[in-house]
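# Observations on the model geometry
In case you want the letters, here they are:
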Amino acid sequence: MTHTPSAALAMAADLAPRLLSAAAQSRLKSAYHVDTAQTIRDFSEEDEAALAGVEVLITGWGSPRIDAEVLAKLPKLKAILHAAGSVRGHVDPAVWDRGVAVTSAAQVNALPVAEYTLAMILLSAKEVFRAQQLYHSGGRVDTLEEFKEAGCYGRRVGLVGASSIGRRVLELLSPFDLEIWLHDPFVNQAEADRLGVRLANLDELLSSCSVISLHAPLLDSTYHMIDARRIDLVRQGATLINTARGGLVDHEALVTALVSGRFRAVLDTTDPQEPLPADSPLLHLDNVFATPHVAGALGNELFRLGDHAVDNAVRLAEGRELIGLVTAAQLQTMA
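Residues numbered from 1 in each chain as written. Predicted model: local features only at pLDDT ≥ 70, side-chain atom pairs only at ≥ 80, totals over all residues. Heavy atoms only, no water.

- Named according to an unreviewed UniProt entry, the protein chain is Phosphoglycerate dehydrogenase-like enzyme originating from Humibacillus xanthopallidus.

### Points about the overall build of the protein chain
- Check the secondary structure of the protein chain and you find 14 helices and 12 strands.
- Taken over the C-alpha atoms alone, the protein chain extends approximately 80 × 45 × 35 Å along its principal axes.
- With 335 residues in all, the protein chain has 48% of them scored as buried.
- In the protein chain, once contacts between residues fewer than 6 apart in sequence are set aside, the share between residues at least 24 apart is 65%. (Helix = DSSP H or I, 4+ residues; strand = E, 2+ residues; numbered from the N terminus. Buried < 20%, exposed > 50% of the residue type's maximum accessible area, 1.4 Å probe, protein only. Contact = heavy atoms within 4.5 Å.)

### Remarks on a negative patch on the surface
- Taken together, the side chains of Asp42, Glu45, Glu46, Asp47 and Glu48 make up a negatively charged region of the molecular surface.
- For Glu45, the position within the fold is in the loop between strand S2 (39-40) and helix H3 (48-51).
- A relative accessible area of 64% places Glu45 in the exposed class. (Patch = residues over 30% accessible without salt bridge, like charges linked within 9 Å, V, L, I, M, F, W, Y side chains within 5 Å. Areas by Shrake-Rupley, 256 points an atom, 1.4 Å probe, with all protein chains shown as cover. Salt bridge = Lys/Arg side-chain N within 4 Å of Asp/Glu carboxyl O. Lys, Arg positive; Asp, Glu negative; His and termini not counted. Charge placed at Lys NZ, Arg CZ, Asp CG, Glu CD.)

### Describing the side chain of Thr39
- Here Thr39 is to be found in strand S2.
- If we ignore the near neighbours within four places in the chain, the residues touching Thr39 are Leu9, Met11, Ala12, Ala13 and Ala16.

### Digging into the packing of helix H6 (residues 106-125) against helix H9 (residues 164-173)
- Where H6 meets H9, the closest approach of the two axes is 8 Å, and the angle between their N-to-C directions is 50°. One way to sum up the angle between H6 and H9 is to call them oblique. For the pair H6 and H9, the crossing hand works out as right-handed. Contacts between H6 and H9 pair Gln107, Ala110, Leu111, Val113, Ala114, Glu115, Thr117, Leu118 and Ile121 from the former with Ser164, Ile165, Arg168, Val169, Leu172 and Leu173 from the latter.
- When its residues are assigned to classes, the contact of H6 with H9 shows 10 nonpolar, 3 polar and 2 charged. (Axes fitted to C-alpha atoms, helices over the stretch in contact; angles between N-to-C directions. Parallel < 35°, antiparallel > 145°, perpendicular 65-115°, else oblique. Left-handed = near helix turned anticlockwise from the far one by under 90°. Nonpolar A, V, L, I, M, F, W, Y, C, P; charged D, E, K, R; others polar.)

### Focus: the domain arrangement of the protein chain
- We note that the domain assignment places domain 1 (6-107 + 299-330) and domain 2 (152-290) within the protein chain.
- One C-alpha centre belongs to domain 1, the other to domain 2; they are set 33 Å apart. (Domains from an automatic or database assignment.)

### Quick word on the side chain of Thr117
- Structurally, Thr117 is set in helix H6.
- Taking relative accessible area as the criterion, Thr117 reaches 0% and is therefore assigned buried.
- Engagement of the side chain of Thr117 in a polar contact is seen with the backbone oxygen of Val113, the distance being 2.8 Å.
- Dropping the residues within four chain positions of it, Thr117 is found in contact with Val169, Ser213, His215 and Thr243. (Polar contact = N/O pair within 3.5 Å; in protein donor to acceptor, adjacent residues only side chain to side chain.)

### What about the sheet that holds strand S3 (residues 54-59)?
- One open sheet holds the 5 strands; their spatial order is S2-S1-S3-S4-S5, and the pairing between them is parallel. Among the strands making up the open sheet, the edge pair consists of S2 and strand S5 (101-104).
- Note that S3 and strand S4 (residues 79-82) share 4 bridges and pair parallel. The residue of S4 that forms the bridge with Leu57 is Ile80.
- In the packing of helix H14 (residues 302-317) onto the sheet, the strands contacted are S3, S4 and S5, and the crossing angle to S4 comes to about 155°. (Pairing = 2+ DSSP bridges.)

### Re the pairing of strand S6 (residues 155-160)
- Burial analysis of S6 places 5 of its 6 residues in the buried class, which makes it a mostly covered element.
- In terms of strand pairing, S6 meets strand S7 (residues 178-183) through 6 bridges, oriented parallel. The partner of Val157 across the bridge, within S7, is Ile180.
- In terms of strand pairing, S6 meets strand S9 (residues 211-214) through 4 bridges, oriented parallel. Bridge pairing links Gly158 to Ile212 in S9.

### What to know about the nonpolar core
- Ranked by size, the top nonpolar core spans 28 residues in total, and within it Ile212, Leu214, Ile226, Ile231, Leu254 and Phe263 carry the most contacts.
- Those elements that place two or more of their residues in this core are helix H11 (202-208), S9, helix H13 (251-259) and strand S11 (264-267).
- Looking at which element gives the most residues to this core, the answer is H13, with 4 residues.
- Excluding residues that lie within four positions of it along the chain, Phe263 makes contacts with Ile231, Val234, Arg235, Gly237, Ala238, Leu240, Leu254, Ala257, Leu258 and Asn287.
- In this structure, Leu15, Ala24, Ala297 and Ala313 belong to the second largest nonpolar core, which totals 27 residues. (Core = buried A, V, L, I, M, F, W, Y, C linked by side-chain atoms within 4.5 Å.)

### A look at the UniProt feature "domain: D-isomer specific 2-hydroxyacid dehydrogenase catalytic" (unreviewed entry) in the protein chain
- Under the feature "domain: D-isomer specific 2-hydroxyacid dehydrogenase catalytic" (unreviewed entry), the UniProt entry names residues 23-323.
- Secondary structure content for residues 23-323 is 36% helix and 15% strand, while the C-alpha to C-alpha distance between its ends is 20 Å. (UniProt positions renumbered as here; feature names shortened; annotations may be inferred.)

Right, dumping it as structure tokens:
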């Protein structure tokens, strides 16, 4: 008699139908015993006999932490398949010690963030946000005079971080006539040549590029890497884009610089508050385009994350190699 493995979902209660399309649920149920209408929110409240048979956990936002105590209740667990990006918040190092495979949809989630970033880079290089502001102020705009420096031809764009998202941005930027600079201490010259970028130190990049886009992970070493001194380096009229983590930037210093009108900002992430309070200057300045953390997977894009996890579940059931594997070493530098 063929053994059918058991799977379970660990995530926010209302997330499963947003992540798993009807087709994805059908694929998952064809390979596993799984109740896609039920999600685990607290392992201590689950039936231990049922947990003892689970071989695969599909996790998402809101998953409870999986540590040694939880692993003791999951003796048959083979894989944790995360239908989102970072696993730092819920996967304990004890998971790798036990030999459980861990995958992440970080590469999949990188695509919508990269698409958002691409759009903002091109619009910023074209100075569309300033054009809208001028147009709304009324009267005729002398575009040839006002936008003598605007345009995407040869525009210098700086990326901070060759992360999964940063590399997807580089791929999407490749067809355009832009000059791309990169700051990443882990990228050597040979790799920079392969990526088609100019390596630069962070200070040089901030002072030289017209558009700057942040793609570094938030770690102790990168917290406020864009501090008051470095914010002062950003050139007049430049645009700073942050789709990474708000904590990369000293927001007190950033607000001061933006209130002065010296440069523009596109902010999808902020710190210390997200969402921003209604009285935040960042919501009312003409030189700030702020969005409520929408660059990542949203709406129907969530199904792409669910498909990634289900694909891996099916691969595991068929004895094939998993995609998007995360190692214990990678945990230290994940966003």
